Amino acid sequence: MKTLFKDSKVHMSNVSAKKISERKALAYGKIHVGEFAFNEIMNDNLPKGNPLTIAEVAGVIGAKKTADILPLCHPIDISAVWVEIIPNKEESCFEAYVLATTIAKTGIEMEALSGVTTALLNIYDMTKPIEPTLTISDVHLLVKTGGKKGVWVCTDGIPPLAQAWLDNELKVDKVLNDLDVTTITMSDRASQGVYEDTAGESAKEILNTWGANVVAQSLIGDEKELLEKTLQEHLSKKPEIIFTLGGTGLGGRDITVETLLPLFNKNATGLSQMLKAEGVARFTDKAWLSNSTVGIIDETLIITLPGSKKAVIENLDICYGIIKHAINMKNGIKNHGK
């Protein structure tokens, strides 16, 4: 008996399980018009009027109409579209850049590409009365961000203008500027040399980009006494934050949270709840299984994170927007009345 839809050759991708996130796409293309037409356009001498401003408007419309002309493309709410046409006198061409953004379960690269194509076709349409030899070329995606894969950049390289945009997009505020932090990784197998502590190294790289001074890193097995001893060694350095990595699961060897909770002067349950809720909303439902917690010991903020490299990257991304305020609050409480 035939099963409905099992062997369907044409269907939209099912994005039900994907997480909503902010997504951006930057696309590029150009149209070669020749020296004569280029000068006529720049001098505003075309019979239909100047195509450049109209092309920018057309690019926005093209991005908005993408799902109407690509049958299997998901209709999505577009947050914004920017179109810019750059004259290139040296090549007698016009370069089109389109940036499209959304907050959705699926990417917006097709909208950006549709915007570029529509903008260039508009220039073609308005230029052909004076120059029939026109060539549209190099239409491709330069950058996309958001979703599970994060940032993707065209492997063939991107133009300087696009690189400048990307550098600004990825610019990281030094939220932990010159603050001392430490990390403690709990893993039986990593501490035994079965595999490398990639989670600890990833955490260090990210914290460095935040401007932090990573003054100590430890890799230990999942032992309560060993964690207590290592924790005291780190606390003696008086760091602003200690990040523990690993030991937050449901297994019998996962002892991080049970070890730390009795030592906290103050619990920051709101932060631990945020890690779980944001983890589920942005990355995976498995975030609910994490037993991560946050608290203060003496004057140091303790943040416990899961032990995988991927989970560490995701959880630090969640922490980024609020960690500076958390430190300020902690230090305000610490100095209160002095």
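Everything below is about the structure shown above.
No experiment lies behind these values; they were computed from the predicted model shown. (Residues numbered from 1 in each chain as written. Predicted model: local features only at pLDDT ≥ 70, side-chain atom pairs only at ≥ 80, totals over all residues. Heavy atoms only, no water.)

**Quick look at helix 4 (residues 109-127)**
Move 1: For helix 4, with 19 residues, the first-to-last C-alpha span of 27 Å sits near the 27 Å given by 1.5 Å per residue.
Move 2: By the burial criterion, the buried members of helix 4 are E111, A112, L113, S114, G115, V116, A119, L120, N122, I123, M126 and T127. (Helix = DSSP H or I, 4+ residues; strand = E, 2+ residues; numbered from the N terminus. Expected span 1.5 Å × (residues − 1). Buried < 20%, exposed > 50% of the residue type's maximum accessible area, 1.4 Å probe, protein only.)

**Side note on empty space enclosed by the protein**
Move 1: Taken as a whole and judged by the stated rule, the model has one cavity of 30 Å³ or more.
Move 2: Looking at the largest cavity, its volume works out to about 50 Å³.
Move 3: For the largest cavity, the full set of lining residues is L271, M274, L275, V294, L301, I303, C319, I322, I323 and A326.
Move 4: Counting only elements with at least two residues in the lining of the largest cavity, the list comes to helix 10 (269-282), strand 11 (300-305) and helix 11 (309-335).
Move 5: Counting residues per element, the lining of the largest cavity draws most heavily on helix 11, which supplies four residues.
Move 6: Split by residue class, the lining of the largest cavity holds ten nonpolar, no polar and no charged. (1 Å grid on protein atoms, 1.4 Å probe; cavity = no way out; pocket = protein on both sides within 12 Å on 5 of 7 lines; lining within 4 Å. Points joined across faces, edges and corners; volume = space filled by probe spheres on them. Nonpolar A, V, L, I, M, F, W, Y, C, P; charged D, E, K, R; others polar.)

**Some thoughts on the layout of surface pockets**
Move 1: Each pocket or cavity is described by its volume, and for the largest pocket that value is around 1,100 Å³.
Move 2: Lining of the largest pocket is provided by 25 residues; of these, G150, V151, L170, R282 and D317 occupy positions nearest its centre.
Move 3: Those elements that place two or more of their residues in the lining of the largest pocket are strand 1 (21-32), helix 7 (198-209) and helix 11.
Move 4: The element that contributes the greatest number of residues to the lining of the largest pocket is helix 11, accounting for five residues.
Move 5: Tallied by class, residues from the lining of the largest pocket come to nine nonpolar, six polar and ten charged.
Move 6: Empty space within the second largest pocket amounts to approximately 630 Å³.
Move 7: Around the second largest pocket, the lining is made up of 31 residues, and of these K18, R23, T106, G107 and G147 lie nearest the centre.
Move 8: Among the elements of the structure, strand 1, helix 4, strand 4 (135-145) and helix 11 are those that each provide at least two residues to the lining of the second largest pocket.
Move 9: Here the lining of the second largest pocket is composed, by residue class, of eight nonpolar, ten polar and 13 charged.

**What about the sheet that holds strand 2 (residues 78-88)?**
Move 1: Read from one edge of the open sheet, five strands run 2-3-1-4-5, paired in antiparallel fashion. One side of each edge strand has no neighbouring strand; the edge strands of this open sheet are strand 2 and strand 5 (152-153).
Move 2: Pairing between strand 1 and strand 4: eight bridges, direction antiparallel. From the neighbouring strand, Y28 faces strand 4, where its bridge partner is H140.
Move 3: Packed on one face of the sheet, helix 2 (residues 51-64) meets strand 2 and strand 3 (93-104) and runs near 145° to strand 2.
Move 4: Each of strand 1, strand 2, strand 3, strand 4 and strand 5 touches helix 5 (residues 160-169); the most contacted strand, strand 1, lies at about 170° to it. (Pairing = 2+ DSSP bridges. Contact = heavy atoms within 4.5 Å. Axes fitted to C-alpha atoms, helices over the stretch in contact; angles between N-to-C directions.)

**What about a nonpolar patch on the surface?**
Move 1: A surface patch of nonpolar side chains, amounting to about 280 Å² of accessible area, comprises V10, M12 and L72.
Move 2: Relative to the helices and strands, L72 is located in the loop between helix 3 (66-69) and strand 2.
Move 3: Take L72: its relative accessible area is 44%, and that puts it in the partly exposed class. (Patch = residues over 30% accessible without salt bridge, like charges linked within 9 Å, V, L, I, M, F, W, Y side chains within 5 Å. Areas by Shrake-Rupley, 256 points an atom, 1.4 Å probe, with all protein chains shown as cover. Salt bridge = Lys/Arg side-chain N within 4 Å of Asp/Glu carboxyl O.)

**Regarding the nonpolar core**
Move 1: Of all hydrophobic cores here, the largest spans 30 residues; its most connected members are I31, V33, I85, F94 and I123.
Move 2: Elements that contribute at least two residues to this core include exactly strand 1, helix 1 (34-42), helix 2, strand 2, strand 3 and helix 4.
Move 3: With seven residues, helix 4 is the single largest residue contributor to this core.
Move 4: Counting residues in hydrophobic clusters, the runner-up holds 28 residues, among them W210, F243, V312 and I327. (Core = buried A, V, L, I, M, F, W, Y, C linked by side-chain atoms within 4.5 Å.)

**Here we look at the side chain of E240**
Move 1: Counting through the fold element by element, E240 comes out in the loop between helix 8 (224-235) and strand 8 (241-245).
Move 2: Discounting chain neighbours no more than four positions away, the residues touching E240 are L179, D180, E299, T300, L301, I327, K330 and N331.

**Topic: the pairing of strand 11**
Move 1: In terms of burial, strand 11 is a largely internal element, six of the six residues being buried.
Move 2: Across the two faces of strand 11 the burial is the same, with T300, I302 and T304 and L301, I303 and L305 all buried.
Move 3: By the bridge criterion, four bridges tie strand 10 (residues 294-297) to strand 11 in an arrangement that is antiparallel. Considered in strand 11, the bridge of I296 is made with L301.
Move 4: The hairpin turn running from strand 10 into strand 11, its antiparallel successor, is two residues long, and D298 in that turn takes a positive phi close to 55°.

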